[in-house]
Structure formats: structure tokens, C-alpha cells
Amino acid sequence: MDFRLTDDQEALRESVRDFAREVIAPVIAEHYKQHTFPYEVIRQMGKMGLFGLPFGEEHGGMGGDYFALCLALEELARVDSSVAITLEAAVSLGAMPIYRFGTEEQKATWLPKLLSGEALAGFGLTEPGTGSDAAGTQTRAVLDGDEWVINGSKAFITNSGTDITAMVTVTAVTGTNPDGSKELSTIIVPTGTPGFTVAPGYSKVGWTASDTHELTFDDCRVPAANLLGARGRGFAQFLRILDEGRIAIAALAVGLAQGCVDESIRYAKERHAFGRPIGANQAIQFKIADMELKAHTARLAYYDAAARMLAGEPFKRQAAIAKLHASTIAVDNAREATQIHGGYGFMNEYPVARFWRDSKILEIGEGTSEVQRMIIARDLGL
Ligand SMILES: Cc1cc2nc3c(=O)[nH]c(=O)nc-3n(C[C@H](O)[C@H](O)[C@H](O)COP(=O)(O)OP(=O)(O)OC[C@H]3O[C@@H](n4cnc5c(N)ncnc54)[C@H](O)[C@@H]3O)c2cc1C
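Residues numbered from 1 in each chain as written. Predicted model: local features only at pLDDT ≥ 70, side-chain atom pairs only at ≥ 80, totals over all residues. Heavy atoms only, no water.

Brief notes about the UniProt feature "domain: Acyl-CoA dehydrogenase/oxidase C-terminal" (unreviewed entry) in the protein
- As recorded in UniProt, the feature "domain: Acyl-CoA dehydrogenase/oxidase C-terminal" (unreviewed entry) lies at residues 232-380.
- Measuring from the first to the last C-alpha atom of residues 232-380 gives 27 Å, for a span that is 74% helix and 3% strand. (UniProt positions renumbered as here; feature names shortened; annotations may be inferred. Helix = DSSP H or I, 4+ residues; strand = E, 2+ residues; numbered from the N terminus.)

Below is the structure:
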């Protein structure tokens, strides 16, 4: 067992770290404050190949793997989570379903622009009335000749309304299974399709430089060929996508937790109280030591889940553990980093204030902490 990174992985980590510090850090606070989407940063990330990281070269990808994506997400989130979640959702939720379940025609249509970062895609599972309980999906799609007619709405969909959003994949009820349960399928809806409306962006507590919208489908017609994967496989498909996505969110959470350590060390050395740096007090040192411990153990948890996934082994429980642990410690570290910064930690111009506001959603998105515990318990046979 060796969790040390290869030279290539180390080089990727360093180049993303440099990019985050040199390109994202100087501009992100203003985007965060103005609630604007950082198009220029995203364009440069596309040029670096980040949107194509875990995909094969035959589709315009970089030929890397899912772990490479996780390393990049960790380094981005160490500086900013809005940019990191934009990449995570674009790759793991946007392009990956097409890559895994799409026909050759769908791959040829969508993957080149998604993998280059020229276009973004969203994944619409959550609805205004149901999130954790996907079986509660109300959106319906009815086959009418050679078209699907979609009616319903989706809530909180990341990357669904930017100027470069090309499409969203949505889950919809397409019939009834023999056991009486809902038949769920996944359908591609290109941006601009008549009957597909994107509401104005939400007013969010954090991730304010990322793009999130409610979507409405009102007799929205798309070709029958836009079905993604087999009819009735929608449930199984999004379970697979979310299992993988949990490892990516864990990596993002570890990045935020590590960013809290970085900022706390810097501030503890700079800030003086009672005639010496606050970092000279063991109480502050122990806080930072505990924060480092948490970031380190959460990193090992996501490395383990990713290693199992890449080895083709079962990884559902380990992905849930990684996501649950990393999101919990991200919130812990953000709270402690803010504490170490005193009153300045409550000021928006300090990165730790952003980390604090960005941390809570990690315990909610892509399966709440309660849902992760349900997955772990079920996998333990309970
Ligand atoms: C900024 C942002 C971006 C998002 N991006 C996307 C996206 O791109 N695509 C997408 O599809 N969704 C997205 N989501 C939605 C997100 O995944 C859901 O909010 C999340 O899964 C929780 O669903 P919910 O909000 O409906 O909460 P609910 O399911 O209503 O849960 C409410 C509370 O009840 C708890 N709960 C529910 N059932 C149980 C149970 N059986 N036992 C114990 N506790 C339970 C939950 O854990 C939670 O604490 C995003 C959300 C946000 C805020």
C-alpha cells in the first residue's frame, strides 16, 4: 500500500496549485462579492485541460483518471470553492454521464466541447419537492412519436445557466416498473430548447461565484434519441454518478480544510497579542495541529475510496465515508480558522470568511450527511 503520489500526479498538483494562487486568488474575492461567474478563470482552466482530466484522449480528454480530477479539485478548493465546484459539477455530473452512458453519436456531439471547457453541462436530479428521496421525482417525460415531452421542474442545478451552458441531463419518470415503482430515465435537454426555462440565479450563502438555478420544463420537446442510456436505467445511472461524485466532493472538502490550515498558520505568525504572535500560544498551535490532523485523515479517506474505484472494486461505502468525514472536518476547520482570525475572520475580504460560508453546503450537496450515514449503514447490512 503506497499513497505517495507519482511524479505526474505531483506535477499536476503543483501546476493547479500555482494556477489557483496566481490566477484565481487575485480575482475571486470580487467575483464572490459581486456574485459573478468567473468566465476568464474557467476559460484558462479549459486551456489547461482540467475539464478533460479523467477522460480518454479519443474524446479530447487528457487520458488521466478520476483521482487526477480529485487532486485538481483539492488544490482549487484550497484557494476557492466556487471555481472547484464549477469544475466538479462540469466533469463529474455534466460530462461523465455522457461519457459513461452515451451513444457514440451523443459522445461525438457533446464531449469535445465539454472536455475542452468551451461548454458546460448540468445534471438535474433534485426537484423543489424532493432531493434525498429521488424516488419522489415528479418530472415526467412522455414519448410522443419520436420526441420526449418533458414537464416538471428541477431545483439547485449547478452550471445550468451560464453563457456557456450547452445542456442539462435531467432525470424524469418515463413509466411504471413491473413492481409498481417509478421507471426513471435520464434525458439530455439542450440549452435554448423551447419550453425549457432557466430561472434567475439563487441568492446563496456561499459558492456565490458559482452558477445555480431552478429549471422548468413546460411541454419541452427533445428528440427520442436524447435518451441517455437505456430507458428505465436512470436510477442506476445516477447512483453510479453520485457514488463517484462523493469522492470528488470529499477532495474538494479536503482542499477547503487545508486552505483553512494555510490561512491560519499565516495569520497566527503575523497577528500579535499580549506582546507576541498569537501562534506562540499552545492553544492556537493545538487548534492548528488538530486542523492539519483532520485534513490529513480526510485526504487518506478519499485516496482510499478513489483507489478502490480505479481498481474496479466496490467503493460505495468508502466514498460515503470519505464524503461524510471530509465535509464534517471542512466545517470544523472553517469554524476554527475563523476563530483564529478573530474579528477579521468575520470580514468578507478574508479568505477564511469565504471558507466558512462555503463549508456548510459540503454537508448537504451530493447527498446530505444523513444520506451518507444511510448508505454506510445499509452497506454494513443494517
Ligand atoms: C448550491 C447547491 C448546488 C446544488 N447542485 C445540484 C446539482 O447540480 N444537481 C442536483 O441534482 N442537485 C443539486 N443540489 C441539490 C442537493 O443535492 C440537495 O439539496 C441535497 O441532495 C438535499 O436534498 P434536499 O435539499 O431536497 O433536502 P431533503 O431531501 O428535503 O432533506 C432535508 C433534511 O432531511 C434529512 N433527511 C431526509 N431524509 C432523511 C432520512 N430518511 N433520514 C434522516 N434524515 C433525512 C436530510 O438529510 C436533510 O437534513 C444542489 C444544492 C445546492 C444548495
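More follows now that the structure is in view.
Looking at the side chain of Ser 160
- You can see Ser 160 is positioned in the loop between strand S3 (147-158) and strand S4 (165-176).
- Taking the relative accessible area as the measure of exposure, Ser 160 reaches 2% and is therefore buried.
- Setting aside chain neighbours within four positions, we find Ser 160 in contact with Thr 165, Val 168, Val 198, Asp 211, His 213 and Leu 215. (Buried < 20%, exposed > 50% of the residue type's maximum accessible area, 1.4 Å probe, protein only. Contact = heavy atoms within 4.5 Å.)

Observations regarding the UniProt feature "domain: Acyl-CoA oxidase/dehydrogenase middle" (unreviewed entry) in the protein
- Look at the UniProt record and you will see "domain: Acyl-CoA oxidase/dehydrogenase middle" (unreviewed entry) annotated at residues 123-220.
- For residues 123-220, the end-to-end C-alpha separation is 17 Å, with 0% helix and 53% strand making up the annotated structure.

Overview of unusual backbone geometry
- The residue Phe 274 is not glycine, and still its phi comes out positive at about 55 degrees.
- Here the phi dihedral of Glu 366 falls at roughly 50 degrees; this positive angle occurs in a residue that is not glycine.
- Structurally, the position occupied by Glu 366 is in the loop between helix H9 (351-359) and helix H10 (369-379).
- Residue Glu 366 is classed as buried on the basis of its relative accessible area, which comes to 15%.

Side note on the environment of Leu 228
- With respect to the element layout, Leu 228 can be found in strand S8 (residues 227-228).
- For Leu 228, a relative accessible area of 0% puts it in the buried group.
- Note: C-alpha distance between Leu 228 and Phe 101 (127 residues apart in sequence) is 6.3 Å.
- When near neighbours in sequence (up to four residues on either side) are disregarded, Leu 228 contacts Pro 97, Ile 98, Phe 101, Gly 102, Gln 106, Thr 169, Thr 186, Ile 187, Ile 188 and Gln 237.

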